[in-house]
Every structure is written in C-alpha cells, then in structure tokens.
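Chain by chain, the residues:
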Amino acid sequence: MTASSQVKGGPLRWSGLLALSCAAFTAVLTELLPAGLLPAMAPALGVAGSRIGYLVTAYAAASFLAAVPLTAVLRGLPRRRVLCGALLGLALSNTVVALSASYPLTFAARLLAGATGGTLWAMLVGYAARTVPAERRGRAIAVVLAGITLALACGLPAGTALAGTLGWRAAFAVAALLALLLVGWVRARVPGLPGEPAHARVPVVRVATRPGIRPVLSVTLLLLLGHQVMYTYVAPFAAHSGYGRTGLLLAVFGGATVAGIWVTGLLVDRWPRRTLLGALALFAGVLPVLGASAGRPAALVAGVALWGVAFGGAPTLIQTALVDASGPADADVATSLQTTVYNLGIAAGSLTGGLALDTAGPGALPWTALPPALLALATVVAARRHAFPPRRRGAVPTTGPVAGAASVAVTSPAGDHAVRRCADGAGQ
C-alpha cells in the first residue's frame, strides 16, 4: 500500500465497509455450506458422505493454488472491478451447484468458487485499509472480518435450516443470489481504487522471508488443519454422539465464536500473546472432551461451545500478528500468502478428516485434530521474539506535517522497513 492510497480523515464509510463484510460473509458461507448439508447432498449426488466433505477440500485447494498467482496477475487492475468479478464467480459457482445432479460437475463448480474466493480474500483486508483514514484502519478491518463470524453464527445455521425446509439446492441458490446482489452494492457504495503500479509492488519472497512471517503462517496452517478435521464432518460426528440436530449445533458454535471475538477485542491490544496462547490451549484441551462425548449429548454441546469461543478470536489474533510482522505497508502481500496457507489448512483438514472418517469412524475425528492443535500451541510458545511478542508493535499517532492531517510512524520488525507515512491522501 502506498501513502497516496490512503483516504483523508473523516467518518468511516459504513455502507462500503458493510458491503466488504458481506463479501466476507458470502465467501465463508460458500466455502463451508457443504459441511452443514452433507447428509442431504450425498444421496442426491450418489456419493458417500466423505466425498461431499471433499467439496470443501476442492474449494480450499483451488484457493490455495490460485490466491497468490491470481493476486499477482490482477494487481494492476482497478480494485472494484476485480472485487465484482470475484463475486460474480461465486454467484456462478453456487448456481451450478444448485442445479447440478452430477458430482464431477459439482466438484468443478467448487474449484471455480475456490479460485474466485481466494482472490476475494487476498484483497478484502487491504481494500478496507485503503478506504479509511490510517488512524481508523484497525476498526475497518474488524468490521470486514466480522463477516466471518456472522457466517459461522448465522449464515451456516440458517443455510442448514433452509435446506431442511426447502432442500439443499435452495441454500446454494440463496448464496448465489446474495453474491449477485452484492455486486450492485459494491458498485454503488465501495470506493473505486486504482490498481497497483508495477514499480510499487514488493516481491512476495521479500515479504515471506521477514522475521516472524513464517511462524504466523505455520500457526495458521496448523490451527485450520485441526479445526477443519472437526468442522467439515460435524454432522456425522454429532450423530455419533447421539445428537442429530446439526443446525442447532452449528448455531451454538457460531454464537460461541461471537463471544470469543468479544473477549479477544478486549485483550488483543494489551496481551496478544497471552490471548492467543489461551485460545489455542482451550481448543487443544476441548478436543479430548469431544472425543469422550459419544452417547453424551450434553458434553458434545458444551465442548462445541468452548471450541467456538477458542476459535472465534483466532482470525483477528493471527491477522494482527501477521500485519505486525510484515509491516502495514506490505500487509496486502502478506495477506495473500496467508490466504494460500489458510486454504491449504482447510483442504488438508477436510481431506484428513475424510480419511479418518472412512477408516476409523467419526469417533476418531477429535483425536485426529489434536496433534496439529498442539503443534500450533507449541509454535506460538517458541516464536516469542518476532511473530508473537508479549506486546504489540504498531503505529503511534503523531502530529502531521499538514494541519488537520494525521501522520503515523510505523515500526516494522524488518530492519530495512521502518517508514513514516502520511495519511492525508497527498498525491491522490
């Protein structure tokens, strides 16, 4: 991000930020919807339940492969045009899934959704940061990332409930319509931003090798792997535990993620390391509880609630650590790397969970998720200096050189990357 890309001071553009948040909501809903609809989709497409789980794998794998190269190819194009194109891709994919009676066609549509969704995720945080004053960047990013929570807390349970009433195809049709309507909202309310000139693009390798980046990406991968082993196959696991109400269980998880984000918001600026360690320890600790929940629905519901609290604040905590490690100027590049790793974790988790489900049954899922959860915790413990320090490194507001303008001194862990950037939009 260049200094000239930052808008002048003033009120937040709430309509545009909410449109970006809804884009995040739609991407998460599209990605994870098969997990809640697994029992209904499998017989309709004539495949085993584990192969419906692989539809989540397909999305994540396509995002993993496409995020960095597509982001690099499209960096020179106007940002709003790319955003609308990604939303149209999600709309087309969900429409095909809603109409398809063929598993291979459905799988291909999920690959398209993954590629466009990966492109969308790589630009959302950077887009939000560029459309608000520098001193309000954190709040803007929080608003956009709230779309993840809303998708988990409301979108997936609502989609599951709608499928129970009108059929699973209706759930994908509604997701397609939502993406289509968002195109109009984005065009009307999200500010148009120019593409990035070639001379301003920082090489991906240079960002990836900065101190702290690799531990943050490792924690992202391990956490998502362990989480997705459980989340993709929550329906068969719930049935194994004697609790067949998957929609209600997803609602419990989603509501708990809201609590997790609220707690994280109170603690992240003062104790980021302790908060992340606590969240990862809670996630690892609850997996044995879930593993022992067979025939004990109350233990299952309580375990899922604690899992939701632990996982709810993780995206904010990890994203904050990533931006601190990369430096705000290169957060867009770092986010594209994280998008790739994030979806690799989802793909690996849903694939690993499917193999565990086929070979050992649903009771093996928590024990399969436990090793990566413990490794994520150990990585944070070890990476104290650069990736997960006790106190945040960040921006310190100072008096700007122009009356009424804000200037931000940004200190990055990379020694050659300490810069001073003005937030008055000069040169825009």
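Because the structure is a prediction, the values reported are computed rather than measured. (Residues numbered from 1 in each chain as written. Predicted model: local features only at pLDDT ≥ 70, side-chain atom pairs only at ≥ 80, totals over all residues. Heavy atoms only, no water.)

### So, the side chain of Ser 63
So, point 1. Topologically, Ser 63 is positioned in helix α2 (residues 49–74).
So, point 2. Residue Ser 63 is classed as buried on the basis of its relative accessible area of 1%.
So, point 3. At 2.5 Å, the side chain of Ser 63 forms a polar contact with the backbone oxygen of Gly 114.
So, point 4. Ser 63 has contacts with Gly 114, Ala 115, Gly 117, Gly 118 and Asn 343, leaving out every residue within four places of it along the chain. (Helix = DSSP H or I, 4+ residues; strand = E, 2+ residues; numbered from the N terminus. Buried < 20%, exposed > 50% of the residue type's maximum accessible area, 1.4 Å probe, protein only. Polar contact = N/O pair within 3.5 Å; in protein donor to acceptor, adjacent residues only side chain to side chain. Contact = heavy atoms within 4.5 Å.)

### Here we look at a nonpolar patch on the surface
So, point 1. A cluster of nonpolar side chains, namely Trp 262, Val 263 and Leu 266, defines an oily patch on the protein surface of about 330 Å² accessible area.
So, point 2. Within the secondary structure, Val 263 is located in helix α10 (residues 246–267).
So, point 3. Judged by its relative accessible area of 35%, Val 263 is partly exposed. (Patch = residues over 30% accessible without salt bridge, like charges linked within 9 Å, V, L, I, M, F, W, Y side chains within 5 Å. Areas by Shrake-Rupley, 256 points an atom, 1.4 Å probe, with all protein chains shown as cover. Salt bridge = Lys/Arg side-chain N within 4 Å of Asp/Glu carboxyl O.)

### As for the packing of aromatic side chains
So, point 1. Across all of its chains, the model carries six aromatic pairs by this definition.
So, point 2. Consider the rings of Tyr 103 and Phe 107, whose centres lie 6.1 Å apart with planes at 45°: the pair is tilted. Highlighted residues: Tyr 103 and Phe 107, both in helix α4 (residues 103–130), separated by four residues, approximately one helical turn.
So, point 3. Of the residues examined, Tyr 103 reaches a relative accessible area of 8% and is grouped as buried.
So, point 4. With a centroid separation of 5.3 Å and 55° between ring planes, the pair formed by Tyr 231 and Phe 253 is classed as tilted. With Tyr 231 in helix α8 (residues 213–231) and Phe 253 in helix α10, the pair connects residues that are 22 residues apart, well separated along the chain. (Phe/Tyr/Trp six-rings, centres within 6.5 Å; stacked < 30°, edge-to-face > 60°.)

### Here we look at α2
So, point 1. Across its 26 residues, α2 extends 37 Å between first and last C-alpha, which sits within 8% of the 38 Å expected from 1.5 Å per residue.
So, point 2. Of all the bends found along α2, the most pronounced is centred on Ala 66 and spans about 45°, while Pro 69, a proline, follows it within four residues. (Expected span 1.5 Å × (residues − 1). Bend = angle between axes of the 7 residues up to and from the residue.)

### Overview of the packing of helix α3 (residues 79–99) against helix α6 (residues 168–189)
Between two packed helices, what matters for the description is the angle formed by their axes and the separation of those axes.
So, point 1. At a minimum axis distance of 8 Å, the contact between α3 and α6 shows a crossing angle of 165°. Here α3 lies roughly antiparallel to α6, going by the angle between them. Handedness of the crossing formed by α3 with α6: left-handed. From α3, Arg 80, Leu 83, Cys 84, Leu 87, Leu 88, Leu 90, Ala 91, Asn 94, Thr 95, Val 97, Ala 98 and Leu 99 reach across to α6, where they touch Trp 168, Arg 169, Phe 172, Ala 173, Ala 175, Ala 176, Ala 179, Leu 180, Leu 182, Val 183, Val 186 and Arg 187.
So, point 2. Of the residues in the contact of α3 with α6, the class split is 19 nonpolar, two polar and three charged. (Axes fitted to C-alpha atoms, helices over the stretch in contact; angles between N-to-C directions. Parallel < 35°, antiparallel > 145°, perpendicular 65-115°, else oblique. Left-handed = near helix turned anticlockwise from the far one by under 90°. Nonpolar A, V, L, I, M, F, W, Y, C, P; charged D, E, K, R; others polar.)

### Notes on a positive patch on the surface
So, point 1. A cluster of like positive charges, contributed by Arg 270, Arg 274, Arg 384 and Arg 391, occupies part of the molecular surface.
So, point 2. By secondary structure assignment, the location of Arg 384 is in the loop between α15 (365–382) and β1 (395–399). (Lys, Arg positive; Asp, Glu negative; His and termini not counted. Charge placed at Lys NZ, Arg CZ, Asp CG, Glu CD.)

### Some remarks on the packing of α10 against helix α12 (residues 297–312)
So, point 1. Direction vectors running N to C along α10 and α12 enclose 40°, while the axes themselves pass 6 Å from each other. Viewed along their axes, α10 and α12 adopt a mutual orientation that is oblique. By crossing handedness, the relation of α10 to α12 is classed as right-handed. Where α10 approaches α12, its residues Leu 249, Val 252, Phe 253, Ala 256, Thr 257, Ala 259, Gly 260 and Ile 261 are matched on the opposing element by Leu 300, Val 301, Val 304, Ala 305, Trp 307, Gly 308, Val 309, Phe 311 and Gly 312.
So, point 2. Of the residues contributing to the contact of α10 with α12, the split by class is 13 nonpolar, four polar and no charged.

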